[in-house]
Amino acid sequence: RDRDNDDPLTICESHCFRGPTGFRAFARHVGLKPTSTVPSDSATHFPDLLDPATMEYNDKSTDTVETPPPNLWVVKDAGSNGAGGIWVVGPENVAEFSGHGEGGQPPPLLDQHKYVAQRYVWPMVLYGGRKCHVRVYVLITSDGRAFVHRNCFLHVANEPFAVVNTNNDDDGNSNDGNDNSHEMNDPNSQNEQQPTYQDSVHITNCCANSHDATKFAGEICADLLLPRQPPTESDSNDSDSS
């Protein structure tokens, strides 16, 4: 987003290619090269629809927008559906997609498949500290009219959003058995930091998160025609008595 422009929309840079060979050409074009440098995880001031501390609606916005990590991309298989064939790719794991991964593992990209790489949209809006997206149904007619369905859905990732994990293993699990989410966002943490490319952090589709019922938020429904009602005194009294 251009912060000098009042238009809230942004252009999503996209590239199309076929198979691992096309991916390598794409990576050369955008300067996506392997590196062992871990990105800084200073991005702690994203707009959040919920206050993570109280899990109540948050009507306060933030003017702080952190610089996005350089060369962070979402690669999608054009023929796949749901969360299948979606990867978050950056300098720390690009070698796996270029055919130069550890142990000579072949890249996950298939020779005859078509792919789309889109620059990671930044900044995002969170929901209780987790990445989210809104699914809205729109009908566009041949005469140029557009109709938006009044009901929409909010889909939320299972894990708190972070650019890096701290003190986690390769699967993103805590090595000490504790919840380290607060350390993920602590730039002063002394724990070893590793980039996170977990689906449950970056991908908000239900099919990428519904396997864990303890964290899955489901489809949060909203009615676009219903204005948000401010809390009333009776609501406050009900809350105090409960």
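Residues numbered from 1 in each chain as written. Predicted model: local features only at pLDDT ≥ 70, side-chain atom pairs only at ≥ 80, totals over all residues. Heavy atoms only, no water.

Draft legend 1. Main features of the pairing of strand 7 (residues 146-156). The pairing of strand 6 (residues 130-140) with strand 7 spans eight bridges and is classified as antiparallel. Paired with Val138 across the strands is Val148, a residue of strand 7. Connecting strand 6 to the next strand, strand 7, in antiparallel fashion are five residues, including Gly144 with a positive phi near 90°. In this structure, strand 7 lies alongside strand 10 (residues 220-223), joined through four bridges in antiparallel fashion. Bridging across to strand 10, Cys152 finds its partner in Ala222. (Pairing = 2+ DSSP bridges. Helix = DSSP H or I, 4+ residues; strand = E, 2+ residues; numbered from the N terminus.)

Draft legend 2. Layout of the sheet that holds strand 10. Read from one edge of the open sheet, four strands run 5-6-7-10, paired in antiparallel fashion. Edge positions in the open sheet fall to strand 5 (126-127) and strand 10, since each of these has one partner strand only.

Draft legend 3. Fine view of the pattern of salt bridges. Across all of its chains, the model carries four salt bridges by this definition. For the salt bridge of Lys215 with Glu159, the shortest nitrogen-to-oxygen distance reads 2.5 Å. Linking Lys215 in the loop between helix 4 (199-202) and strand 10 with Glu159 in the loop between strand 7 and strand 8 (164-166), this pair joins segments that are 56 residues apart in sequence. (Salt bridge = Lys/Arg side-chain N within 4 Å of Asp/Glu carboxyl O.)

Draft legend 4. A look at the nonpolar core. Counting 15 residues, the largest nonpolar core has Phe46, Tyr120, Trp122, Met124, Leu126, Phe161 and Val163 as its most contacted members. In terms of nonpolar packing, the next biggest core, distinct from the first, is built from 14 residues, Phe23, Trp73, Val75 and Ala117 among them. (Core = buried A, V, L, I, M, F, W, Y, C linked by side-chain atoms within 4.5 Å. Buried < 20%, exposed > 50% of the residue type's maximum accessible area, 1.4 Å probe, protein only.)

Draft legend 5. Examining helix 1 (residues 19-30) more closely. With 12 residues, helix 1 should reach 16 Å at 1.5 Å per residue; the first-to-last C-alpha distance of 17 Å fits that figure. Turning to helix 1, its buried residues number three or more, namely Gly19, Pro20, Gly22, Phe23, Phe26, Ala27 and Val30. All buried residues of helix 1 lie within an arc of 155° about the axis, which places them on one face of the element. Away from the buried face of helix 1 by more than 90 degrees, exposed residues Thr21, Arg28 and His29 are located. The elements touched by buried residues of helix 1 are strand 1 (14-18), strand 2 (73-77), strand 3 (86-89), helix 2 (94-98) and strand 4 (114-119). Remark: Gly31 follows helix 1 within two positions and exhibits a positive phi of approximately 70°. (Expected span 1.5 Å × (residues − 1). Arc of directions from axis to C-beta. Contact = heavy atoms within 4.5 Å.)

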